[in-house]
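What follows is each chain in one-letter form.
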Amino acid sequence: MKYKVIKKQNSGNSCVVCGVNNELGLKTSFYELENGELVAICDTKDWHQSYPGRVHGGMSAALLDETIGRAISINDETIWGVTVSLDIKYKKPVPTDATIKIIGRITSENRKLFEGSGEIILPSGEIAVTATGKYMKMPVEKITDGELTSEEWKHVEDKEKLEYIEI
Ligand SMILES: CCCCCCCC(=O)SCCNC(=O)CCNC(=O)[C@H](O)C(C)(C)COP(=O)(O)OP(=O)(O)OC[C@H]1O[C@@H](n2cnc3c(N)ncnc32)[C@H](O)[C@@H]1OP(=O)(O)O
């Protein structure tokens, strides 16, 4: 199904998942969709492998962790959190040299914690990895020991603006 993109989220600078200047990172972009979910898109590379041709399970976990964690800011971009638990199920191999999508959503929230779920979708449309995560809300200044600078957290325009994303 095709979903309208409401907003592209900011990118980090050095983050292994979203850092635009981390040459070995996944350089993932995050888009808020009209259905209230967040979708991440990235190209897996040879250097993200565990076994040849297969993305490392830790990279898949990092992608799901960040996608679920970022979904909380769809409704309030002042909320940040740190992961307190993450449960991953690996159902199919994720290939290197492929464009994959990661979906994340929030399933519950209270004053202190939020929880969410997500999945990695292969180019074929199959679900390869699923996750549920729990996060503790925390001010970003406390997480990073200071403010995020405009270099560390910024809007990066796509070469071609994405209007819709097929999931
Ligand atoms: C851009 C945004 C996307 C982000 C996605 C990526 C996020 C990350 O990768 S973050 C990195 C990985 N995670 C971390 O580094 C977190 C490391 N852990 C910590 O810093 C600490 O354990 C921290 C801050 C979560 C809790 O520390 P602290 O406050 O001392 O814990 P503690 O005093 O034991 O607990 C405080 C409260 O939280 C509750 N709590 C703590 N852990 C949990 C848990 N896993 N589940 C439920 N409740 C919990 C406690 O029960 C307690 O509740 P109450 O106040 O009612 O008694």
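- Under the annotation held in an unreviewed UniProt entry, the protein chain carries the name Acyl-coenzyme A thioesterase THEM4 and is attributed to Romboutsia weinsteinii.
- Regarding the protein chain, the UniProt comment filed under Sequence similarities (unreviewed entry) reads as follows: "Belongs to the THEM4/THEM5 thioesterase family."

## Considerations on the pairing of strand β7 (residues 113–121)
Logical step 1: Among the nine residues that make up β7, seven are buried, leaving the element largely enclosed by the rest of the structure.
Logical step 2: Counting the residues in the hairpin turn of strand β6 (residues 99–109) and β7 gives three residues.
Logical step 3: With nine bridges joining them, β7 and strand β8 (residues 127–137) adopt antiparallel strand pairing. The residue bridging phenylalanine 114 from the neighbouring strand is tyrosine 135, located in β8.
Logical step 4: Where β7 folds back on β8, the antiparallel hairpin that results is connected by five residues, among which glycine 125 adopts a positive phi of roughly 100°.

## Remarks on the UniProt feature "domain: Thioesterase" (unreviewed entry) in the protein chain
Logical step 1: As recorded in UniProt, the sites labelled "domain: Thioesterase" (unreviewed entry) are residues 53–123.
Logical step 2: End C-alpha to end C-alpha, residues 53–123 measures 15 Å, and it is 21% helix and 42% strand.

## Focus on the site of the ligand
Logical step 1: Within the structure, the ligand sits among 13 residues, and Thr83, Lys112, Lys134, Met136 and Met138 are positioned closest to it.
Logical step 2: Taking aspartate 65, its side chain carries an N or O atom lying 3.4 Å from an oxygen atom of the ligand.
Logical step 3: Within the backbone of threonine 83, an N or O atom sits 3.0 Å from a nitrogen atom of the ligand.
Logical step 4: Here the ligand, which alone exposes 1,200 Å², has 43% of that area covered by the protein.
Logical step 5: Of all the secondary structure elements, the ones that give two or more residues to the shell around the ligand are α1 (57–71), β5 (81–90) and β8.

## Overview of the environment of histidine 155
Logical step 1: Along the chain, the position of histidine 155 falls in the loop between β9 (153–154) and β10 (164–166).
Logical step 2: Sequence spacing of histidine 155 and lysine 8 is 147 residues, and the spatial spacing of their C-alpha atoms is 7.8 Å.
Logical step 3: Once residues lying within four places of it in the same chain are set aside, the contact partners of histidine 155 are Lys8 and Asn10.
Logical step 4: Of the polar contacts made by the side chain of histidine 155, one reaches the side chain of glutamate 157; its length is 3.3 Å.

## Focus: the side chain of serine 29
Logical step 1: Tracing the backbone shows serine 29 in strand β3 (residues 29–33).
Logical step 2: Given the relative accessible area of 16%, serine 29 is considered buried.
Logical step 3: For serine 29, the residues in contact, after removing those within four places along its chain, are Lys8, Val39, Ala40, Ile41 and Asp158.

## Let's talk about the nonpolar core
Logical step 1: In this structure, Leu63, Leu64, Val94, Ile100, Ile102, Ile120 and Val129 are the most contacted members of the largest nonpolar core, which totals 27 residues.
Logical step 2: Those elements that place two or more of their residues in this core are β4 (38–43), α1, β6, β7 and β8.
Logical step 3: Beyond its immediate sequence surroundings of up to four residues, leucine 63 is in contact with Val17, Leu26, Thr28, Cys42, Ile100 and Ile102.
Logical step 4: In terms of nonpolar packing, the next biggest core, distinct from the first, is built from nine residues, Tyr3, Val5, Leu33 and Ile165 among them.

## Things to note about the sheet that holds β7
Logical step 1: Strand order in the open sheet made by the eight strands is β5-β8-β7-β6-β4-β3-β1-β10, with antiparallel pairing throughout. Each edge of the open sheet carries a strand with a single partner, namely β5 and β10. Each adjacent strand pair in this sheet contributes to an overall mean axis angle of 35°, direction not counted.
Logical step 2: The pairing of β4 with β6 spans six bridges and is antiparallel. Considered in β6, the bridge of isoleucine 41 is made with lysine 101.

Scoring rules and cut-offs
- Residues numbered from 1 in each chain as written.
- Predicted model: local features only at pLDDT ≥ 70, side-chain atom pairs only at ≥ 80, totals over all residues.
- Heavy atoms only, no water.
- UniProt positions renumbered as here; feature names shortened; annotations may be inferred.
- Buried < 20%, exposed > 50% of the residue type's maximum accessible area, 1.4 Å probe, protein only.
- Helix = DSSP H or I, 4+ residues; strand = E, 2+ residues; numbered from the N terminus.
- Pairing = 2+ DSSP bridges.
- Near = heavy atom within 4 Å.
- Polar contact = N/O pair within 3.5 Å; in protein donor to acceptor, adjacent residues only side chain to side chain.
- Areas by Shrake-Rupley, 256 points an atom, 1.4 Å probe, with all protein chains shown as cover.
- Contact = heavy atoms within 4.5 Å.
- Core = buried A, V, L, I, M, F, W, Y, C linked by side-chain atoms within 4.5 Å.
- Axes fitted to C-alpha atoms, helices over the stretch in contact; angles between N-to-C directions.

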